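Residue strings, one per chain:
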Amino acid sequence: MTRTHLSVAAAVLLLVLPFAPVPDFWITQLNYIGLFSLVVLGLVLLTGVGGLTSFGQAAFAGIGAYATAYLSTTLALSPWLGLVAGLAITLVLALVIGLLTLRMSGHYLPLATICWCLALFYLVGNLEALGKYDGLLGLPPITLGDFSFQSERRIYLLIWLAALLAALAVTRLLDSRPGRIMRALNTNRGGGATMPEAMGASTFRYKLVMFVIAALLASVSGWLYAHMQRSVNPSPFGIKFGIEYLFMAVLGGIGTVGGAFTGAALVKLAEDQLKVVLPLIFGGSGNYEIIVFGVVLVLVLRFAPDGLWPLMSRVIARWLPGAGRRAVDETAPPLSARSHPQRGAPLLDVRKIRKQFGGLVAVNDISFAIRAGDIVGLIGPNGAGKSTTFNLVSGVLPLTSGEVELLGQRVDGRGSRDIARAGLSRTFQHVKLVPDMTVLDNVALGTYLRTQSGTLRAMLGLNAAEERQARAEAMRQLRRIGLADQAHELAGNLALGPQRLVEIARALASDPSLLLLDEPAAGLRHKEKEALAEVLKQLKAEGLSLLLVEHDMDFVMKLTDRIVVMEFGRWLMEGTPAEVQASPAVRAAYLGADE
Ligand code: ADP
Ligand code: MG
């Protein structure tokens, strides 16, 4: 028996439970836990994975609940139409709110979701048509043909079917092409937009997708809740519940699917107990449980910041093996190769590019060209403007002036995503891997532009063939750089040297025409530098075109055909390694700077 078997067994058990002589009380509790889990699953994706905090999920549940309440009472339409309408309204609202706020950084989204949750609460509470603060009563039960989900035991089936399917869909999504990008976005874990954009992904689009999915899950929960209660009023959709959902997510383990269920169950069960016990102790009828939750939250954040599920799953892991490493099927057909220029054809032409930061000219009218198959070095003392030049060429920074042509296309003024699509791939001076993803998955992220599966395909599990290809490609690239035996290790557990190599493998997985490496040898130990030099020599032998930014002169000398030297943002000289080595000007620059 493995952990996968355990999950399946738990799911089956949950679905047959209402047919067993379980007390009604427990069915009711589980109904609530299922409803909460649906909302919290959205937060796992949005907040835990994507790093985007929302206090407004209760409001999306409210949309789902009120849409069906209005349609099924006032207009006497089917609850299924209510579901469709609720989802449609949620979709539009989530898109509008997301488009307005997701481009802004940090606290704007949480603030916007608070405002929006408050606004909806008071709007609904004051609308005559929606029954003001008394809400709407007398909702019909959901029916399917002649079968009515009227009793608690029956709607239980719908609730848990929805929750378990959502869990399956989110699990699949996280382990897919879009999921790898989503997992790279979390700025709280050192991620951000720069790396996924350089791999060709629109990070804004994925933030929006996560926001919409989370909103839709909440909306479904609201729909089920409304027909379970057979009535709606504004109170369960206010900001208090918005905060409580976030609390469940944090308590359970905000980055994990299991955490959504753990958090929902713990909060629901604890709340009921505390509501009984605390007034007995303190007297009166205050909402004492909120105080206890506050204290618990502080303790959890202090002592188990990843939540309780990761702790529990570690205990389970001690007893039960995992499903085993998903084997990489290297017989999968290769991903289609991108077209590459003939050896010697013009590849990159940089003409008088310039970057000014206020009064500082960091890159002062630099020009150079690379032909297919060239290995060119860009060197200069610290602060010479190498990284900035690099960021201008790869589209991470906008140019002040000048032109960049890649494979005959003008790419200046275009973002790094477009430039990646045009055939350039890069690594970063400060390594940008997703630490809690395996080495293999990190490299598979590089196949983004060579694969197509979108979010829906991934959630439905229709991406299996392409995933096999992507993983096989990742494995091939890891073999190419000599790290195949580390494929299943978490990237965060690797030393800096191997991490830099993984970045190279990820860049290679996109099958680039030109590979840009920013200080690949920086911070490496001697042995690691030698390993890196071997890999680069091999890539050179395979005919790859490389632009190598490096501070370490000796390292570049052995590898490159030609070297461009910069100093104080200016072009100093260009020549063969021997010419550069012999140049008094270069020696003076290095001596004068810091050597
Ligand atoms: P190198 O990579 O050759 O060490 P950089 O390109 O990182 O040099 O930096 C060149 C110069 O531009 C330095 O003086 C640096 O302080 C400045 N610089 C780099 N990035 C920025 C920025 N975002 N804002 C202001 N100044 C910058
Ligand atoms: Mg630099």
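Below is a short write-up of the structure. (Residues numbered from 1 in each chain as written. Chains lettered and ligands numbered in written order. Predicted model: local features only at pLDDT ≥ 70, side-chain atom pairs only at ≥ 80, totals over all residues. Heavy atoms only, no water.)

What about the overall build of the chain?
Now for step 1: Counting its regular elements, the chain contains 23 helices and 14 strands.
Now for step 2: Across its three principal directions, the C-alpha atoms of the chain cover 90 × 55 × 50 Å.
Now for step 3: Looking at the 595 residues of the chain, the share that counts as buried comes to 53%.
Now for step 4: The contacts in the chain between residues at least 6 apart in sequence include a share of 76% that link residues at least 24 apart.
Now for step 5: Of the roughly 25700 Å² of accessible surface on the chain, 62% is carried by carbon and sulfur atoms.
Now for step 6: When the 53 positive and 45 negative side-chain charges of the chain are each reduced to one mean point, those points stand 2 Å apart. (Helix = DSSP H or I, 4+ residues; strand = E, 2+ residues; numbered from the N terminus. Buried < 20%, exposed > 50% of the residue type's maximum accessible area, 1.4 Å probe, protein only. Contact = heavy atoms within 4.5 Å. Areas by Shrake-Rupley, 256 points an atom, 1.4 Å probe, with all protein chains shown as cover. Lys, Arg positive; Asp, Glu negative; His and termini not counted. Charge placed at Lys NZ, Arg CZ, Asp CG, Glu CD.)

Quick notes on the site of ligand 1
Now for step 1: All residues adjacent to ligand 1 are Phe357, Leu360, Ala362, Pro381, Asn382, Gly383, Ala384, Gly385, Lys386, Ser387 and Thr388.
Now for step 2: One of the backbone nitrogen or oxygen atoms of Gly383 is found 2.7 Å away from an oxygen atom of ligand 1.
Now for step 3: Gly385 has a polar backbone atom sitting 2.9 Å from an oxygen atom of ligand 1.
Now for step 4: Taking 560 Å² as the accessible area of ligand 1 by itself, protein coverage stands at 59%.
Now for step 5: Every element with two or more residues in the shell around ligand 1 is listed here: strand E6 (360-371) and helix H14 (386-393).
Now for step 6: It is H14 that contributes the most residues to the shell around ligand 1, 3 residues altogether.
Now for step 7: Its residues placed into classes, the shell around ligand 1 shows 5 nonpolar, 5 polar and 1 charged. (Near = heavy atom within 4 Å. Polar contact = N/O pair within 3.5 Å; in protein donor to acceptor, adjacent residues only side chain to side chain. Nonpolar A, V, L, I, M, F, W, Y, C, P; charged D, E, K, R; others polar.)

Re the pairing of strand E7 (residues 375-379)
Now for step 1: The element E7 is extensively covered by neighbouring structure, given that 5 of its 5 residues are classed as buried.
Now for step 2: Across the two faces of E7 the burial is the same, with Ile375, Gly377 and Ile379 and Val376 and Leu378 all buried.
Now for step 3: Summarising the sheet, E7 and strand E12 (residues 545-550) pair through 5 bridges and their orientation is parallel. Note that in E12 the partner of Leu378 across the bridge is Val549. (Pairing = 2+ DSSP bridges.)

A closer look at the sheet that holds strand E11 (residues 514-518)
Strand pairing in a sheet relies on backbone hydrogen bonds. The paired strands run either parallel or antiparallel.
Now for step 1: Taking strand neighbours across the sheet as the criterion, the 6 strands line up as E10-E11-E12-E7-E13-E14 in an open arrangement whose pairing is mixed. The open sheet terminates on both sides in strands that have one partner only, identified here as strand E10 (424-426) and strand E14 (570-575). Across the sheet, the mean angle from the axis of one strand to that of its neighbour is 20°, orientation sign disregarded. (Axes fitted to C-alpha atoms, helices over the stretch in contact; angles between N-to-C directions.)

In short, geometric facts, not functional conclusions.
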